[in-house]
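# A look at the structure
The residues making up each chain are set out below.
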Amino acid sequence: MKTLLIGNFGAQNIGDELILSSALEDYPDCIVMTADSEYSQNFTEKKFETVPFVPIGVRSWLKFIFSSAYRDQIFSLNKKCVQVVFPGGGLFAIKFRACLLWFFIFLWIRFLLPDKKIIFQHQGVDKNLSWLSRKMTAFVFSRTDEISVRDEASREAVRDLCGKDVPNTHDRVERYLSTYFQHSEAQKETMVLVNSKRRWRSGALKEQFPHHKKIFIALHKKDLRFVSDSSFFDDVVFPRNKTALLNLFQRSSFVVGMRFHSLLLGYHFCSNDKTFVLGAPYSEKVKNFVAEKGISQISS
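Residues numbered from 1 in each chain as written. Predicted model: local features only at pLDDT ≥ 70, side-chain atom pairs only at ≥ 80, totals over all residues. Heavy atoms only, no water.

Now for the side chain of Thr-34. Of note, Thr-34 is situated in the loop between β2 (30–33) and α2 (37–44). Residue Thr-34 is classed as buried on the basis of its relative accessible area of 4%. A distance of 3.4 Å separates a polar side-chain atom of Thr-34 from the backbone oxygen of Phe-9. Those residues within four positions of Thr-34 in sequence are excluded, and the remaining contacts are Phe-9, Gly-10, Ser-40, Thr-50, Val-51, Pro-52 and Phe-53. (Helix = DSSP H or I, 4+ residues; strand = E, 2+ residues; numbered from the N terminus. Buried < 20%, exposed > 50% of the residue type's maximum accessible area, 1.4 Å probe, protein only. Polar contact = N/O pair within 3.5 Å; in protein donor to acceptor, adjacent residues only side chain to side chain. Contact = heavy atoms within 4.5 Å.)

Looking now at the nonpolar core. One broad rule of soluble globular proteins: the nonpolar side chains tend to lie buried together. Core analysis: the largest hydrophobic core is formed by 42 residues, its most contacted members being Leu-5 and Leu-245. Once residues within four sequence positions are removed from consideration, Leu-245 is found in contact with Ile-14, Leu-18, Phe-43, Ile-217, Leu-219, Pro-239 and Leu-265. The next biggest cluster of nonpolar side chains, apart from the first, holds 39 residues, and it includes Leu-4, Leu-77, Val-140 and Leu-161. (Core = buried A, V, L, I, M, F, W, Y, C linked by side-chain atoms within 4.5 Å.)

Once that is clear, we can look at the packing of aromatic side chains. Going through the model one piece at a time under the given rule, you end up with 25 aromatic pairs. Taken together, a centroid distance of 5.6 Å and an interplanar angle of 65 degrees make the contact between Phe-64 and Trp-108 edge-to-face. Of this pair, Phe-64 sits in helix α3 (residues 58–66) while Trp-108 sits in helix α6 (residues 96–112), placing them 44 residues apart in sequence. Note on Phe-64: relative accessible area 10%, which makes it buried. With a relative accessible area of 12%, Trp-108 lands in the buried category. Each ring, one from Phe-86 and one from Phe-120, has its centre 4.2 Å from the other, and the planes form 5 degrees; the classification is stacked. Of this pair, Phe-86 sits in strand β4 (residues 81–86) while Phe-120 sits in strand β5 (residues 117–123), placing them 34 residues apart in sequence. The pair formed by Phe-86 and Phe-120 is uniform in burial state, with each residue classed as buried. The aromatic ring of Tyr-70 is capped on one face by Lys-63, whose charged end is 4.9 Å from the ring centroid. (Phe/Tyr/Trp six-rings, centres within 6.5 Å; stacked < 30°, edge-to-face > 60°. Lys NZ or Arg CZ within 6 Å of the ring centre and 35° of its normal.)

Spatial relationships are all this shows, so hold off on functional conclusions.
Here it is, written out as C-alpha cells:
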C-alpha cells in the first residue's frame, strides 16, 4: 500500500516539481498524480509509479467516458493507496479557478478513497480569497484529516476559514534545500539570474549589474514570453531537471526574481542581501516571504 502524492505536478512549473522532489524524499514508495509522467520523472531524476489526474475538464471527462484504461487507473487507487498527501504549495491561493480546480479534485479523492486519510502539508493559503473561494477552501479543510501550513499568514487564514489551529511547518522546499544543499561561496561566479512572470524593463538591472553575466531563468515555460530585452541577456534557460536548476543557483552571485521559488532559491543559495524581488510582489505568498526574509525590491 502506497502514499498517493497530489499537487500541481506535470504542468511545467518548476516550483511544483521541486515540491515533488522534496516529497519523494519523505515518501519514496508512492504513486504520483501528475499531468505529465515523463516530465515529472525527468525533472526529479527519479522513477516512480504515476497516475493521471482525475477528470475535471471537458477533454478529461471525454477520456474518462471512452477510455476503460483511464478509468481502471483512477478506480484502482483505492486498492493501492493507504493515504493521500498534498505535499505543499499554494493550491488554494491567488485565483478562483485554482480554488475551484482543487475543490473538485478533493471531491474526487473523497469519492474514490472514502476510508483513506487525507493530509495537506506545508500549504500556502491566501487571506484575501473571494467569498466562493473561501467557502470551497473551508469545505475542503474542514473535511481533511491533517493540515499544516508554510507560514504564519497561512496559519491565520486557515484559522479564519474553518476555525482550525494548524501547525506552521514552513515551506517544504526550503526545508529540503537546507537538508541536502548547502550554500557555498566557493562555487560563485560573476553572474546574476533573473526570473519574471510579467513584462518588465531592464534599466535598473543594467545600472546595478553592469559587469555581471546575465541569465534569464524560466521557472515555468510561460516565463519565456517575458524576456523583454533579449540583447540584455547572455543566455535564456528553462532547466530540464533538478540538477541543472540547482547548479545555476549554486553558481550565481545574485538573484532577481518574481516567482516565489526563484526568491526562495536565491535566499538559500545567495542570502537575502543578494536576492531581490523584481517589482511589486504579485501574490500574497511572495509578499509574505520577502517581508519575512528581509528581501529588497528592485524596480521593474
